[in-house]
Amino acid sequence: MKELNIQIAIKIYDLEELSESDRELLGAACEATNRSYAPYSHFSVGAAARLASGAIVTGSNQENAAYPSGLCAERTTLFYANSQYPDQAVETLAIAARNERGEFLEDPIPPCGACRQVMLETEKRFNRPMRILLYGRKGIYELKSVGALLPLSFDASAME
Ligand code: THU
């Protein structure tokens, strides 16, 4: 028997410890929660992508009466970024969420599995690590790449 241990590193920062650029990006993710369409879950998620050019693209969760037709904030944002700016790597993706009382969460929400897979594709597509910042009132989680969110991942290289 062999055992494979995969470790992931998460750094937790106070807002003041982050660069101005990261704070701006987190602010954009928080603001994007205001544009969420979440009449069913009342859970408003916002995401903001910092592109290689320095530009910021934002998105939010968009729900639907036929529930599975809705889309999470992360995928809305990445699909928009990748479709509008197909030559621009996403350097950092920031994510924030508010509960039904409108409060930002104390602890960050981790992206769902489907979003992690899409995040991985964006990272692989540009062959560049995508940093992830998860906003929580008690601290901001920083992950250096999508690999940290999705260890043992499936990507195109598995089919070669
Ligand atoms: N949601 C996101 O936007 N991102 C996530 O990573 C988790 C969940 C959305 C989907 C749905 O609109 C609501 O949050 C409740 O699941």
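The structure we're discussing is the one just above.
A quick note: this is a predicted structure, and the numbers were derived from the prediction, not measured.

**What about the overall build of the protein?**
Argument step 1. Looking only at helices and strands, one finds 3 helices and 6 strands in the protein.
Argument step 2. Moving toward the C terminus, one meets the helices and strands of the protein in the order β-α-β-β-α-β-α-β-β.
Argument step 3. Its C-alpha atoms give the protein a radius of gyration of 16 Å, within 12% of the compact-globule value 15 Å for 160 residues.
Argument step 4. With respect to the three principal axes, the spread of C-alpha positions in the protein is 50 × 40 × 40 Å.
Argument step 5. Here the protein, with 160 residues, has 43% of them falling under the buried criterion.
Argument step 6. Pairs at least 24 residues apart make up 65% of the contacts formed inside the protein by residues separated by at least 6 positions.
Argument step 7. In the protein, the 16 positive side-chain charges and the 21 negative ones have mean positions that sit 1 Å from each other.

**Focus: the site of the ligand**
Argument step 1. As a matter of local geometry, the ligand sits amid S41, F43, V45, N61, E63, C72, A73, E74, P111 and C112.
Argument step 2. One of the side-chain N or O atoms of E74 is found 2.7 Å from an oxygen atom in the ligand.
Argument step 3. Between the ligand and C112 there is a distance of 3.2 Å, counted from an oxygen atom to a backbone nitrogen or oxygen.
Argument step 4. Taken by itself the ligand offers 370 Å² of open surface, and the protein chains cover 76% of this.
Argument step 5. Counting atoms within 2 Å of the grid points, the majority share of the ligand lands in the largest pocket.
Argument step 6. For the shell around the ligand, the class distribution of residues is 6 nonpolar, 2 polar and 2 charged.

**Considerations on the state of the cysteines**
Argument step 1. The full count for this structure, using the stated rule, is 0 disulfides.
Argument step 2. Here C30 is not disulfide-linked; the sulfur of C115 is the nearest cysteine sulfur, at 17 Å.

**Considering the pairing of strand 4 (residues 90–98)**
Argument step 1. Among the 9 residues of strand 4, 8 are classified as buried, and the element is accordingly described as predominantly covered.
Argument step 2. In the sheet, strand 2 (residues 44–51) pairs with strand 4 via 8 bridges, with the strands oriented antiparallel. Paired with R50 across the bridge in strand 4 is T92.
Argument step 3. Sheet analysis places strand 4 next to strand 5 (residues 131–134), joined by 4 bridges and oriented parallel. Note that in strand 5 the partner of A94 across the bridge is L133.

**Concerning the pairing of strand 2**
Argument step 1. The buried count for strand 2 comes to 8 of 8 residues, which makes it a mostly enclosed element.
Argument step 2. What you see with strand 2 is no split at all: S44, G46, A48 and R50 on one side and V45, A47, A49 and L51 on the other are buried throughout.
Argument step 3. With 5 bridges joining them, strand 2 and strand 3 (residues 56–60) adopt antiparallel strand pairing. Its bridge partner lying in strand 3, G46 is registered against S60.
Argument step 4. Two successive antiparallel strands, strand 2 and strand 3, enclose a turn made up of 4 residues, where G54 displays a positive phi of approximately 100°.

**Examining the pattern of salt bridges**
Argument step 1. Tallying each qualifying case throughout the model produces 10 salt bridges.
Argument step 2. With a shortest N-O distance of 2.9 Å, R50 and E24 are connected by a salt bridge. In this pair, R50 sits in strand 2 while E24 sits in helix 1 (residues 20–32), placing the two residues 26 residues apart along the sequence.
Argument step 3. Take R50: its relative accessible area is 11%, and that puts it in the buried class.

Here is what the cut-offs are and how they apply
Residues numbered from 1 in each chain as written. Predicted model: local features only at pLDDT ≥ 70, side-chain atom pairs only at ≥ 80, totals over all residues. Heavy atoms only, no water. Helix = DSSP H or I, 4+ residues; strand = E, 2+ residues; numbered from the N terminus. Rg over C-alpha atoms; globule rule 2.2 N^0.38 Å. Buried < 20%, exposed > 50% of the residue type's maximum accessible area, 1.4 Å probe, protein only. Contact = heavy atoms within 4.5 Å. Lys, Arg positive; Asp, Glu negative; His and termini not counted. Charge placed at Lys NZ, Arg CZ, Asp CG, Glu CD. Near = heavy atom within 4 Å. Polar contact = N/O pair within 3.5 Å; in protein donor to acceptor, adjacent residues only side chain to side chain. Areas by Shrake-Rupley, 256 points an atom, 1.4 Å probe, with all protein chains shown as cover. 1 Å grid on protein atoms, 1.4 Å probe; cavity = no way out; pocket = protein on both sides within 12 Å on 5 of 7 lines; lining within 4 Å. Sits in = over half its atoms within 2 Å of the grid points. Nonpolar A, V, L, I, M, F, W, Y, C, P; charged D, E, K, R; others polar. Disulfide = S-S within 2.5 Å. Pairing = 2+ DSSP bridges. Salt bridge = Lys/Arg side-chain N within 4 Å of Asp/Glu carboxyl O.

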